[in-house]
Structures are given as structure tokens and as C-alpha cells.
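What follows is each chain in one-letter form.
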Amino acid sequence: MPALSMFFGIIVRMHSEKGGKHNKPHIHALYGDDEIVVGIDGAVLEGNFPNKQMKLLLAWIAIHEDELKANWKLLRNGDGYFKIEPLR
């Protein structure tokens, strides 16, 4: 699963799940032992995160929504992906 970005200890990954569990565009994020799946619309699909890291992740998603959608399309078509700037 490609790592799109890393910031403040959060690793953000994405892969297309053709016929998979989550049918909408989403990311997987890891922070320590915590893992969460969040739709590009900000809806939590699975898992949980500490509050502070969740706020950072949601802010990052909002800032990079267009890039996330573009990556989703690329991955679904088998055309690779591109990295996205981290929060600073």
C-alpha cells in the first residue's frame, strides 16, 4: 500500500480496493499502534485515532482533497500514485 505522506508521526496510505471492503475513496492512516480508515469526505469508516492526531489528519485531508481524489483515480486505473505534501 503506497505511503502518500508522513507528518507528525502519522503515515497516510492509499490503495484502490476494487471489489474490496470500502467502496468509496479513502485513506488508511497509522499512528503508533493505532490505525484508521477515513473517507476523503472525512467520514471514519473503521478504526480510531487519538484526538490530536485525528484533528491533524482531518485538516490534511481537507487541504489535499483534490490531490487525494486524483490519486484514487490513478490507483484504481493502475497508473501509480504521487506523493502529497505533509502538514508543516
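Up top you'll find the structure we're talking about.
Residues numbered from 1 in each chain as written. Predicted model: local features only at pLDDT ≥ 70, side-chain atom pairs only at ≥ 80, totals over all residues. Heavy atoms only, no water.

Observations concerning the overall build of the protein
We apply this condition: Helix and strand definitions here come from DSSP, where helices need a minimum of 4 consecutive H or I residues and strands a minimum of 2 consecutive E residues; each element is numbered from the N-terminal end. Each radius of gyration reported is based on C-alpha atoms, and the globular scaling rule is 2.2 Å times the count of residues to the power 0.38. Only protein chains enter the accessibility calculation, which uses a 1.4 Å probe; a residue is then buried when its area is under 20% of its type maximum, exposed when over 50%, and partly exposed in between. Throughout, a residue-residue contact means that at least one pair of heavy atoms, one from each residue, lies within 4.5 Å. Here the accessible surface of atoms and residues is derived via Shrake-Rupley with a 1.4 Å probe, and residues count as covered only by protein chains that are part of the display. Just so you know, the count uses Lys and Arg for positive and Asp and Glu for negative, and it drops His and the chain ends. Positions of charges follow a simple convention, taking NZ of Lys, CZ of Arg, CG of Asp or CD of Glu.
Counting its regular elements, the protein contains two helices and five strands. Going residue by residue from the N terminus, the α and β elements of the protein occur as β-β-β-β-β-α-α. Against the 2.2 N^0.38 benchmark of 12 Å for 88 residues, the protein shows a C-alpha radius of gyration of 12 Å, consistent with a compact globule. Expressed along its principal axes, the backbone C-alpha trace of the protein runs to roughly 35 × 25 × 20 Å. Within the protein, the fraction of its 88 residues that count as buried is 36%. For the protein, the share of sequence-separated contacts (at least 6 apart) that also reach a separation of at least 24 residues comes to 36%. When the accessible area of the protein is evaluated, it comes to approximately 5,000 Å², of which 51% is carbon and sulfur surface. The average position of the 11 basic charges and that of the 11 acidic charges among the side chains of the protein differ by 1 Å.

Topic: the pattern of salt bridges
Definition in use: Here, a salt bridge means any side-chain nitrogen of Lys or Arg that lies within 4 Å of a carboxyl oxygen of Asp or Glu.
Summed over the entire model, instances satisfying the criterion amount to three salt bridges. The salt bridge partner of K24 is D41, with a shortest N-O separation of 2.7 Å. Note that K24 is positioned in the loop between β2 (10-13) and β3 (26-31) and D41 in the loop between β4 (34-39) and β5 (44-47), a separation of 17 residues in sequence. Of the residues examined, K24 reaches a relative accessible area of 29% and is grouped as partly exposed. For D41, a relative accessible area of 56% gives the class exposed. For E65, the salt bridge identified is with K69, shortest N-O distance 3.0 Å.

So, the nonpolar core
This is how it is decided: For the purposes of this section, nonpolar cores are sets of buried Ala, Val, Leu, Ile, Met, Phe, Trp, Tyr and Cys residues that join through side-chain atoms within 4.5 Å.
Counting residues in hydrophobic clusters, the biggest one holds 20 residues, and the most contacted among them are M14, I27, L57, W60 and L68. Among the secondary structure elements, those contributing two or more residues to this core are β1 (3-7), β2, β3, β4, α1 (51-63) and α2 (65-76). Examining the composition of this core, we find that four residues originate from one element, α1, more than from any other. With sequence-adjacent residues up to four places away left out, L57 is seen in contact with F7, I10, V12, I27, A29, I36, V38 and F49.

What to know about the sheet that holds β4
Across a sheet, paired strands are connected by hydrogen bonds in the backbone, their directions being either parallel or antiparallel. How we decide: Pairing between two strands is assigned when DSSP locates at least 2 bridges connecting them. Only C-alpha atoms enter the line fits that serve as axes; for helices the fit covers just the stretch in contact. Angles between N-to-C directions range over 0 to 180 degrees.
One open sheet holds the five strands; their spatial order is β1-β2-β3-β4-β5, and the pairing between them is antiparallel. If you trace the sheet from one side to the other, it starts and ends with β1 and β5, each paired once. For this sheet, the mean angle separating the axes of adjacent strands, direction not counted, is 20°. Note: β3 against β4, six bridges, orientation antiparallel. Along β4, the bridge assignment pairs I27 with V38. Relative to β4, α1 is tilted by about 35°, and along the sheet it contacts β1, β2, β3, β4 and β5.

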